[in-house]
Amino acid sequence: MLELIDISKRFKKTEAVKSLNMFIEQGEIVGLLGPNGAGKSTAISILSTLIEPTEGDVRFLKKSVLKKPSPLRKAIGVVPQEIALYTQLSAEENLLFFGRIYRLKGSNLKQRVNEILEQIGLTEKRKALVESFSGGMKRRLNIGVAMLHNPKILIMDEPTVGIDPQSRSYILETVKRLNKENQMTVVYTSHYMEEVDYLCDRIYIMDQGNLIASGTKEEIKQILSSENTISIQSDRWSEAFIAQLKEHELVTNVHVEEKEITLITPKEVNLFSEIISMTEKYDITLRSLHVKSPTLEDVFLHLTGRALRD
Ligand SMILES: Nc1ncnc2c1ncn2[C@@H]1O[C@H](COP(=O)(O)OP(=O)(O)OP(=O)(O)O)[C@@H](O)[C@H]1O
């Protein structure tokens, strides 16, 4: 339905997106995952015809939209990363205002505003001024604004950044519901792999402007089918222990967190006894040592040698 074909975008010296190919089919939730600066916002701004690519084409229903963007613009709702609302107006007044921009009028507009308030769970807060809203409520209203003209495709740029966990799960549930009940196609960018893992049918993973993996979750995790992802847990580490792991010739990647170290090793080697002796040598109390099912985060670590979030 919607395609990016060999898209590149340069901003002076920065190559924000390099030869990106992407397709979105009707009814899917497609995730675009990558760390800050990976090129996600640039890719979806091109997908939404907000900026033009340096090279490549964007096609909607098989027709290029670079010169004629209006069929695509009517079909999409864009939820920007920055909240764009009038804080001195109520939730309802914001929706009425933006609805008029979409040329909705009279009872149609009122009915649509009521439906949206219901969908984003703000019916009871309709008269409250946006300045009194929490970050999560503002985000929900931002999503509501993007849905006023009943778009077929909702394009969301990191809609859960900086909000509390409760609002975050409310937004995730709303996206799932809109997709199931209204057959809305969703493009969802995030640097939280758990969100993308939970929501999306297919995923594109970007890093430094490049597409580094794409497919269903299962297909992407297959990238690690010849490796083991090992979790070592303890309350504290020593620098020497970490250094020895990093220097180990059979360890491909090491990611250190406060209480967990994740290692990627070839499937055929078993380093458990060696790891146990190393913990004894460096006086580390082992809480747990096990092989875990790989996550999208582990795939990212394997492909780039870095964690998704620093
Ligand atoms: N208008 C612009 N002018 C110059 N450089 C830009 C512009 N927009 C983006 N970039 C650069 O392009 C690269 C990709 O940025 P982009 O915002 O697309 O990444 P992102 O994956 O969306 O990250 P974030 O999560 O931080 O938004 C970055 O190096 C960024 O500094």
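Residues numbered from 1 in each chain as written. Predicted model: local features only at pLDDT ≥ 70, side-chain atom pairs only at ≥ 80, totals over all residues. Heavy atoms only, no water.

A. Region of the structure containing a nonpolar patch on the surface. Together, Tyr 86, Phe 97 and Ile 101 line one region of the surface with nonpolar side chains, adding up to about 290 Å² of accessible area. The residue Tyr 86 is located in the loop between strand E6 (76-79) and helix H3 (91-101) in this model. (Patch = residues over 30% accessible without salt bridge, like charges linked within 9 Å, V, L, I, M, F, W, Y side chains within 5 Å. Areas by Shrake-Rupley, 256 points an atom, 1.4 Å probe, with all protein chains shown as cover. Salt bridge = Lys/Arg side-chain N within 4 Å of Asp/Glu carboxyl O. Helix = DSSP H or I, 4+ residues; strand = E, 2+ residues; numbered from the N terminus.)

B. Looking closely at the UniProt feature "domain: ABC transporter" (unreviewed entry) in the protein chain. When the UniProt feature table is mapped onto this chain, "domain: ABC transporter" (unreviewed entry) is found at residues 2-233. For residues 2-233, helix accounts for 35% and strand for 30%, while the C-alpha atoms at its two ends are 44 Å apart. (UniProt positions renumbered as here; feature names shortened; annotations may be inferred.)

C. Summary view of the packing of aromatic side chains. Within this structure, the stated rule accounts for five aromatic pairs. A centroid spacing of 5.2 Å and a plane angle of 85° characterise the contact between Phe 97 and Phe 98, whose relative ring orientation is edge-to-face. On the basis of relative accessible area, Phe 97 is assigned to the partly exposed category, the value being 31%. One Lys or Arg, Arg 202, reaches over the ring of Phe 23 and ends 4.0 Å from the middle of that ring. (Phe/Tyr/Trp six-rings, centres within 6.5 Å; stacked < 30°, edge-to-face > 60°. Buried < 20%, exposed > 50% of the residue type's maximum accessible area, 1.4 Å probe, protein only. Lys NZ or Arg CZ within 6 Å of the ring centre and 35° of its normal.)

D. Region of interest: helix H1 (residues 40-47). Burial analysis of H1 places seven of its eight residues in the buried class, which makes it a mostly covered element. All of the buried residues in H1 are Lys 40, Thr 42, Ala 43, Ile 44, Ser 45, Ile 46 and Leu 47. Positive phi shows up at Thr 49, right after H1, with a value of about 60°.

E. A look at the pairing of strand E7 (residues 153-157). Summarising burial for E7: five of the five residues are buried, a large majority. Of the two faces of E7, both are covered, the one formed by Ile 153, Ile 155 and Asp 157 as well as the one formed by Leu 154 and Met 156. Relative to E7, E6 runs parallel, the two sharing four bridges. Bridge pairing in E7 places Val 79 opposite Met 156. In terms of strand pairing, E7 meets strand E8 (residues 185-190) through five bridges, oriented parallel. (Pairing = 2+ DSSP bridges.)

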